[in-house]
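Okay, here's what each chain looks like letter by letter:
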Amino acid sequence: KDIVREIEALVKDGVVEVMLLGQNVNSYGKNLEQPMTFAELLKEIEQIDGLERIRFMTSHPKDLSDDLIEVMANSKKICPHLHLPLQSGSSRILKAMNRRYDKEKYLALAKKIRERMPDIALTTDIIVGFPGETEEDFQETLDVVAKCGYDTAFTFLYSKRSDTPAAAMENQVPQDVAKERFNRLLALVQQEGRRRSSRFEGSVQEVLVEEESKEKGIFTGRTEYNLLVHFPGNESLLGKYVRVHLDECRGFYYLGTLEENE
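Below, the structure is looked at part by part. Computed from a predicted model, the values in this text were never measured in an experiment.

**Digging into the overall build of the protein**
Right, so step 1: The secondary structure content of the protein amounts to seven helices and ten strands.
Right, so step 2: Whereas a compact globule of 262 residues would reach a radius of gyration of roughly 18 Å, the protein reaches 20 Å, a difference of no more than 12%.
Right, so step 3: On the principal axes, the C-alpha backbone points of the protein span a range of 60 × 50 × 35 Å.
Right, so step 4: Sequence separation of at least 24 residues holds for 70% of the intrachain contacts in the protein that already meet a minimum separation of 6.
Right, so step 5: Summed over its atoms, the accessible surface of the protein is roughly 14,100 Å², and 49% of this surface lies on carbon and sulfur atoms.
Right, so step 6: Side-chain charges in the protein split into 36 positive and 45 negative, and the spacing between the mean points of these groups amounts to 3 Å.

Next up, the structure:
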């Protein structure tokens, strides 16, 4: 009720898009007095008049439900973008990370999501160089990236955090080995990202105009697929939805032009 009331108040103030943020949104509501799932919460939020777009992150693969996939697939307001952190493609490393899913479960989940929402933008987080990671483990990660077709992946070099179980683990990966793997991963992520993102080239997408970029007269907004678009415009467009022709894909963002009737 608090969440719904807060969003209703924001919408009265003119807000048209909200982001529900949590370390793991999928575990929401299990310990409420009247237990409720995250999928049920999204259904309630969808009913709010005046709200145009709903985004959320982060979804933990261990408990992403079929109900959530259905709610997303049937929704007119939930953006077709899902941030689904992988961390590693190696089941052995995932177990050491205590992630509570394995490579096969993750790939099956990604397949299920894509079958229901073929056009969805999938993004992820990946850690390279977790203690004990071998070249074989790393190859498993590359395999998942190639199979899942992420629009974007946020890649990180493992860094020791004091007082964590991982910091005390043997077989810490040498920094130069981890960096070399990181660069290989980045090259694949960028290649796949460009391929996936370019699927919208030439189409017209609805964009929420967020700000003027550093370049005067060029404005920036996001499509429902969370893609950044830069296009010529003026300040009167800020905070509005406009239709933009996506002229050219530049990897993780687009250059576009306003549709004539705007």
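Still to come is the rest of the account.
**Structural notes on the packing of aromatic side chains**
Right, so step 1: Counted under the stated rule, the structure contains four aromatic pairs.
Right, so step 2: Residues F38 and F56 carry aromatic rings whose centres are separated by 5.1 Å and whose planes lie at 80° to one another, so their mutual orientation is edge-to-face. Within this pair, whereas F38 is found in helix α2 (residues 38–46), its partner F56 is found in strand β2 (residues 53–57), the two being separated by 18 residues in sequence. For the residue pair F38 and F56, the accessibility class agrees, reading buried in each case.

**Considering the nonpolar core**
Right, so step 1: With 51 residues, the main nonpolar core has L42, I45, F56 and I113 as its most contacted residues.
Right, so step 2: With residues near it in sequence (within four places) discarded, I45 still touches I3, V4, I7, L20, L51 and I54.
Right, so step 3: F200, F219, F231 and Y254 belong to the second-largest nonpolar core, a separate cluster that totals 15 residues.

**Let's talk about the sheet that holds strand β10 (residues 253–258)**
Right, so step 1: Taken together, five strands build a closed barrel; the order of strands is β6-β7-β8-β10-β9 and the barrel is mixed. Taking the axes of each pair of neighbouring strands and ignoring which way they run, one obtains an average angle of 50° across the sheet.
Right, so step 2: Where strand β8 (residues 228–232) lies against β10, three bridges are found, and the strand directions are parallel. Looking across to β10, one finds that V229 is bridged to Y254.

**Describing the sheet that holds strand β4 (residues 121–128)**
Right, so step 1: Read across the sheet, three strands follow the order β3-β4-β5 without closing on themselves; strand pairing throughout is parallel. The sheet is open, and its two edges are formed by β3 (81–83) and β5 (152–157), each paired on a single side. The sheet shows a mean angle of 15° between the axes of neighbouring strands, direction not considered.
Right, so step 2: Inspection of the sheet shows β4 paired to β5 by six bridges, in the parallel sense. Residue pairing in the sheet places I127 in a bridge with F156 of β5.
Right, so step 3: Sitting on the sheet, helix α7 (residues 175–197) is in contact with β4 and β5, with an inclination near 175° to β5.

Conventions we followed
- Residues numbered from 1 in each chain as written.
- Predicted model: local features only at pLDDT ≥ 70, side-chain atom pairs only at ≥ 80, totals over all residues.
- Heavy atoms only, no water.
- Helix = DSSP H or I, 4+ residues; strand = E, 2+ residues; numbered from the N terminus.
- Rg over C-alpha atoms; globule rule 2.2 N^0.38 Å.
- Contact = heavy atoms within 4.5 Å.
- Areas by Shrake-Rupley, 256 points an atom, 1.4 Å probe, with all protein chains shown as cover.
- Lys, Arg positive; Asp, Glu negative; His and termini not counted.
- Charge placed at Lys NZ, Arg CZ, Asp CG, Glu CD.
- Phe/Tyr/Trp six-rings, centres within 6.5 Å; stacked < 30°, edge-to-face > 60°.
- Buried < 20%, exposed > 50% of the residue type's maximum accessible area, 1.4 Å probe, protein only.
- Core = buried A, V, L, I, M, F, W, Y, C linked by side-chain atoms within 4.5 Å.
- Pairing = 2+ DSSP bridges.
- Axes fitted to C-alpha atoms, helices over the stretch in contact; angles between N-to-C directions.

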